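Reading the structure
Given next are the chains, with one letter for each unit.
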Amino acid sequence: MTPTTREFVPAAVPLGRPASSPHSLQTLASNPYALRIVSFAIVALAWEWAGRVPVSPSFPTFGETAAALFSMLADGSLPAAFANTLVPLAIGIALSSVVGVAIGVAMGLNEKVEWFGVPIFIVLQAAPLAALVPLLVLAYGIGVTTKVFVVCIMAMPVIVLNSFKAVRHTPHSLIEMGRSFMANRPQLIGKIILRSATPVIFAGLRLGTAAGFVGAILAELLVTPTGVGDIITYSQSTADYPRMYAAIAGVIIVSVLFIEGLGWVEQRFLRPEKRSAS
Amino acid sequence: MIINGTRVPAVFSLLIWAVLWEIVGRLGLTILIPPLSTTIEKLVEIVGTPGFWDALGLTLKTFVIGSVISILAGIPIGILMGRLPVLDRLLLPWVNTFISAPLSALVPVVMALFGFGETTIILTVVLFAIWIIILDARAGAHAISPSLVEMARVYGATNWQAFSKIFVLSAMPEILTGVRLGLLRAVKGVIIGQLLVSVVGFGRLFEIYSSNFLMEHMWALLLVLFALASAIDTAFGLIERRVEHFASSRN
Amino acid sequence: MIGLQAQTAAPPLAADAAPIVEVRGLSKIYPGGVEALNDISLSFPEGELTTLLGPSGCGKTTLLKIIAGLLQPTGGEVRVRGRAVTGPGPERSFVFQDFALMPWATVIRNAAFGLELRGVPRSEREAVAEKYIASVGLKGFETKYPHELSGGMRQRVGLARALAVNADIVMMDEPFSAVDEQTRRQFQEDMLRLVAQERKTFLFVTHSIEEAVYVSNRIVLLSRRPSRVSEIIDVNLPRDSEPDQIRRHPAYLDTVEGIWQTLKRYLD
């Protein structure tokens, strides 16, 4: 090997691992929580700085936003708004879960149902269903019904398709095992197929819930301002930007925490094979 | 499904759905659903108007610009995250947050900062599309076999060569999946952005149609948008299948 | 038709044993047009361990799964104790190449699964399963999950499950192929002990010549696809000797070499 090529060898190292970084940085990097806090602090500082410049008259500082968030939490207006937002969301998610899982499982178990149903749900999953919102308003007015509908159309396709895939992709050897030990059809479905599909179905419910949150907020912004959507629109019209940003940050935090929580439940209770890995 | 011994492709079930749509529409069960035939008539009518082409042009323009930004920024960020643990730990919490966050709530912020124009819609597209592209590029970078990286080092690849010749190419299957999912999210973003901005493009058309109770017109626009989304999905699925040999040879 | 009775020098064990499984003119063509089996006729005597041995992809697993009732043949039939096989039956059980354990179920539930499907009450089926878990050497692991076990231990659970239903015929489809070499030898010896203990008929599929010779009473050599029966070999090893001595015994080495000479013809 010539000296020139040897010189090149360490050049690719930094892409693989930070070999040349100082010691303190390395110990910091090995602690995921420390870096998380650093990451959050960087973003908070950048936000604070951008707010103080200010980059835009409608960009409040991090401090102002945090203060607005705490005052809305303290006077109970934010929790009340969340309770309002959660009504159509909860109804919509419950409806799409029951109906969606049933449709998905039926498509996974029966080839005729699959033939009939899968293409339309693939189209629906790819399609920008948000465009249906104006139609729903026209058809069902501006009440809770429309909002529930919006949540459903956003959440349903992913729930259906995940349930379908989960059932369809039951490991072949488990099905053969069941048959070789004389399982009848109900036993095969109940004890093997559905049980094996449960984690993926649940993951679909988690994705559906995330999509449902998008729908619930969209409904409040487009249909009638209620709940969190009301705080956002009202604060925007009165140029109370800290409140507006705080409400948005609040709804994002709540939805992310809720979805992370569902992910934790999935890992903890439904996937014993991954319990030790995590 | 097999009828009379011949296999009928599943896509044909969409024709049955079209017939069902027509029947439900004709029966007048709900004002939500007008017959498919009148919708198509209205579609032909709308396609002749300059307003439609303006809206379509704006949609395509913002969609393309937003998608290109997401792809050009998302892929390098994702690959770097996959190769640099510190950067990964710094950015991953945010990527994970935004990938499951209700992004529709952030559109008002973009509107407050950038007004009611094209910029806002482009940024909405980026906001919707970029996270999944980053995450999948990162997964692709994780899937690169260590021996391939070592091979590059043994043969004296520079950082840039390793990045462009090894990482991007061998992470290609995951990257393409990410881009396809990102583009689908971008379609949703471009529509949600226009609906919320509501003074330009299809958002404006929807606004006009709904204030005039023109249900068929709205469905006609929907047909266009659904077709657009399906076309992007199908086209990208085909491209993905063509590079599948990458993935199989990698294992 | 090539039957086992046609063999010379049949050991006293098998000479009067009635065939428990008979395979008549079996052929299998997969939907894609691949011809896996072509007119195979065989019989398997009761109480023996018969191995199906052949080159990779020769259709030995297909043959085993047809006997198990998991696959339907294109032509011919399988009879078990004179009755034609149309599907899986309680007198046959199966050990899978990839273990086929349910990841969500504990060792004991996996081992008792065959009985659970038959509606045996919980306490009763767990008592049976416990006995077999102990006999395959997994006592104390009853409440573990499959992912907490090594590959060899997982396959022991698969074996316990197959034994727990008390079938007359236990079929094993390359049970040790996903297990490392050391574990594999230990497992082979344990299996021989169980075979002697259980007095069942074992049908075994492998592509390892040494394994086949070491564990079998008789070996059915299959040709390349479409499979035909190429040769049937009776193995006479001094089973009462130590394992290491068996592996050095001239009869063992000669049989291995003889099979290798036959199989070499099927290589490219």
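Residues numbered from 1 in each chain as written. Chains lettered and ligands numbered in written order. Predicted model: local features only at pLDDT ≥ 70, side-chain atom pairs only at ≥ 80, totals over all residues. Heavy atoms only, no water.

1. Overview of the interface of chain B and chain A
Counting residues at the interface gives 65 residues for chain B, matched by 67 residues for chain A. The interface formed by chain B and chain A holds zero salt bridges in total. Linking chain B with chain A are nine residue pairs in polar contact (both at pLDDT 80 or more), by the criterion used here. It is helix 11 (residues 215-242) of chain B that provides the largest number of residues to the side of chain B that touches chain A, a total of nine residues. (Contact = heavy atoms within 4.5 Å. Salt bridge = Lys/Arg side-chain N within 4 Å of Asp/Glu carboxyl O. Polar contact = N/O pair within 3.5 Å; in protein donor to acceptor, adjacent residues only side chain to side chain. Helix = DSSP H or I, 4+ residues; strand = E, 2+ residues; numbered from the N terminus.)

2. Notes on the confidence of the model for chain A
As a general rule, the predicted coordinates of low-pLDDT regions are not to be interpreted in detail. All names here are of chain A. Here chain A averages 84 in pLDDT, while 86% of its residues score no lower than 70. Taken element by element, the predicted model of chain A shows its lowest mean pLDDT in helix 1 (residues 3-8) (35) and its highest in helix 6 (residues 77-109) (93). This stretch, residues 1-21, has a pLDDT under 50; its non-local contacts, to residues over four places away or in other chains, come to 30 contacts. (pLDDT = per-residue confidence, 0-100.)

3. With respect to the environment of Gln188(C)
Residue and element names in this part refer to chain C. By the element assignment, glutamine 188 lies in helix 7 (residues 181-198). Glutamine 188 sits in the buried class, given a relative accessible area of 4%. Each C-alpha atom, one on glutamine 188 and one on alanine 162, is 16 Å from the other, the two residues being 26 residues apart in sequence. When sequence neighbours within four positions are dropped, the list of residues in contact with glutamine 188 reads Phe176, Glu211, Tyr214, Val215 and Arg247. Side chain to side chain, glutamine 188 and arginine 247 meet in a polar contact 3.3 Å long. (Buried < 20%, exposed > 50% of the residue type's maximum accessible area, 1.4 Å probe, protein only.)

4. Here's the deal with the domain arrangement of chain A
The domain boundaries assigned to chain A delineate domain 1 (23-59) and domain 2 (70-275). Distance between the C-alpha centres of domain 1 of chain A and domain 2 of chain A: 32 Å. (Domains from an automatic or database assignment.)

5. Some details on the UniProt feature "transmembrane region" (unreviewed entry) in chain A
The feature "transmembrane region" (unreviewed entry), as given by UniProt, occupies residues 33-50, 89-109, 116-142, 148-167, 200-224 and 244-265 of chain A in the numbering adopted here. Helix makes up 100% of residues 89-109 of chain A and strand 0%, and the two end C-alpha atoms of the span are 29 Å apart. (UniProt positions renumbered as here; feature names shortened; annotations may be inferred.)

6. Considering the sheet that holds strand 6 (residues 92-95) of chain C
All names here are of chain C. The six strands lie next to each other as 6-7-8-3-9-10, forming an open sheet whose pairing is mixed. The sheet is open, and its two edges are formed by strand 6 and strand 10 (229-234), each paired on a single side. Recorded for the sheet is a direction-independent mean angle of 15 degrees between the axes of neighbouring strands. Here five bridges tie strand 7 (residues 169-173) to strand 8 (residues 201-206), and the two strands are oriented parallel to one another. Counted as the bridge partner of methionine 172 is phenylalanine 204 from strand 8. (Pairing = 2+ DSSP bridges. Axes fitted to C-alpha atoms, helices over the stretch in contact; angles between N-to-C directions.)

7. Description of the interface of chain A and chain C
Counting residues at the interface gives 18 residues for chain A, matched by 25 residues for chain C. Regarding the contact of chain A and chain C, the summed buried area is about 2100 Å², with carbon and sulfur atoms giving 66% of it. Its largest share of buried area at the contact with chain C, chain A owes to Glu176(A), Phe181(A) and Lys191(A), together 31% of the area lost on that side. Put simply, chain A and chain C have two salt bridges between them. The partner of Glu176(A) in a salt bridge is Lys65(C), with the nearest N and O atoms 2.8 Å apart. Viewed at the interface, chain C and chain A are joined by six residue pairs in polar contact (both at pLDDT 80 or more). Of all the secondary-structure elements, those providing two or more residues to the side of chain A that touches chain C are helix 10 (172-180), helix 11 (185-222) and helix 14 (272-275) of chain A. The dominant element in the side of chain A that touches chain C, judged by the number of residues it contributes, is helix 10 of chain A, at seven residues. Class assignment for the residues of the side of chain A that touches chain C results in seven nonpolar, six polar and five charged. (Buried area = accessible area lost by both parts, 1.4 Å probe. Nonpolar A, V, L, I, M, F, W, Y, C, P; charged D, E, K, R; others polar.)

8. Some remarks on the side chain of Lys60(C)
Position of Lys60(C) among the secondary structure elements: in helix 2 (residues 60-68). A distance of 3.3 Å separates a polar side-chain atom of Lys60(C) from the backbone oxygen of Gly54(C).

9. A look at the sheet that holds strand 2 (residues 35-45) of chain C
What holds strands together in a sheet is hydrogen bonding between their backbones, with the strands either parallel or antiparallel. Residue and element names in this part refer to chain C. Ordered by their spatial adjacency, four strands build an open sheet running 2-1-4-5, and the pairing between neighbours is antiparallel. The sheet is open, and its two edges are formed by strand 2 and strand 5 (83-84), each paired on a single side. In this structure, strand 1 (residues 19-29) lies alongside strand 2, joined through seven bridges in antiparallel fashion. Within the sheet, the bridge partner assigned to valine 23 lies in strand 2 and is leucine 42.

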